[in-house]
Amino acid sequence: MGKIVAVANQKGGVGKTTTCVNLACFVAANGKKVLVCDFDAQGNAGSGLGVRGEPGKSIYDALVAGEEITPQKTPYCDVIPSDIRLAAAEQEIHDLDAREKRLKTILDKFKNEYDYIFIDCPPSLSLLTINALAAAETVLIPMQCEYYALEGLSQLVSTVRMVKKSINPDLEIEGILLTMYDGRTNLTIQVAEEIKKYFGQKVYKTFIPRNVRLSEAPSHGLPIIAYDKSSKGAESYGNAAREFLKRNRKGR
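Residues numbered from 1 in each chain as written. Predicted model: local features only at pLDDT ≥ 70, side-chain atom pairs only at ≥ 80, totals over all residues. Heavy atoms only, no water.

## With respect to the state of the cysteines
- For the structure on display, the rule yields zero disulfides.
- We note that Cys20 lacks a disulfide partner, and the nearest cysteine sulfur, in Cys121, lies 8.0 Å from it.
- Residue Cys20 is classed as buried on the basis of its relative accessible area of 0%.
- Free cysteine: Cys25, not disulfide-bonded; nearest cysteine sulfur from Cys77 at 4.3 Å. (Disulfide = S-S within 2.5 Å. Buried < 20%, exposed > 50% of the residue type's maximum accessible area, 1.4 Å probe, protein only.)

This is the structure we're talking about:
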């Protein structure tokens, strides 16, 4: 039975999609069968793996119309792509039965086929994000080390608690992964210490530095493991994947 992990942060530009794509690929490179569900209307997780959503083949079609979809294969992991129509999905499912659990119904069909399913959540605390948290066992939070990120984190944690209380009692925080880390600045160090004070062992020992190659890779439709495996970004996500798997060996 596979584990579903939502990769979420309602603040944009914190490395959420970069983390979802690259962590998934390195977990797959460690011998696990992995599926990425692109649940953001921008479709960046899919395009970062060289896959673009098409009518009849994206998560939108399953979510809104209840159509059967087949994950698309890439050399790195499997993908359920998104497309721009997902931007209107929240309104379209608003009056449907079990609206918060429609994604769970879709992904539960795939749990026996994969070791891990990673959901790239939209950058908002919307009904779509609630769907992702209702479907997941855990939520992994990529977080940039800046002041405003602390405020956003408290909002996200409140949402996780709400979903846990009312929809998904099994939901837990997988961990906090510090991204765009620059150890030369006092602010980065102060924010990192503040996060560790409140979340303790939930904070990953691995951090993801700012890295040009990480930024370049999506424009080529490649994860960093394929674009530049020797880069600092690739090394960091490789370490994060090993830490993720080690934590899950202990907990499962």
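Additional details are given in the paragraphs that follow.
## Observations concerning the side chain of Asp83
- Along the chain, Asp83 turns up in the loop between strand 4 (78–80) and helix 4 (89–93).
- For Asp83, the side chain forms a polar contact with the side chain of Ser58, separated by 2.7 Å.
- Discounting chain neighbours no more than four positions away, the residues touching Asp83 are Ala41, Gly53, Glu54, Ser58 and Tyr60. (Helix = DSSP H or I, 4+ residues; strand = E, 2+ residues; numbered from the N terminus. Polar contact = N/O pair within 3.5 Å; in protein donor to acceptor, adjacent residues only side chain to side chain. Contact = heavy atoms within 4.5 Å.)

## Regarding the packing of helix 7 (residues 147–166) against helix 8 (residues 186–199)
- Across the interface, helix 7 lies against helix 8 with an axial gap of 10 Å and an inter-helix angle of 20 degrees. Overall, the two elements helix 7 and helix 8 adopt an arrangement that is roughly parallel. Relative to helix 8, the crossing made by helix 7 is right-handed. Side by side, helix 7 and helix 8 meet where Tyr147, Leu150, Leu153 and Val157 of the first sit next to Leu187, Val191, Glu194, Ile195 and Phe199 of the second.
- Of the residues contributing to the contact of helix 7 with helix 8, the split by class is eight nonpolar, no polar and one charged. (Axes fitted to C-alpha atoms, helices over the stretch in contact; angles between N-to-C directions. Parallel < 35°, antiparallel > 145°, perpendicular 65-115°, else oblique. Left-handed = near helix turned anticlockwise from the far one by under 90°. Nonpolar A, V, L, I, M, F, W, Y, C, P; charged D, E, K, R; others polar.)

## Notes on the pairing of strand 1 (residues 3–7)
- Burial analysis of strand 1 places five of its five residues in the buried class, the great majority of the element.
- Burial of strand 1 is two-sided: the residues Lys3, Val5 and Val7 facing one way and the residues Ile4 and Ala6 facing the other way are all buried.
- Summarising the sheet, strand 1 and strand 5 (residues 116–120) pair through five bridges and their orientation is parallel. Within strand 5, the position partnered with Val7 by the bridge is Asp120. (Pairing = 2+ DSSP bridges.)

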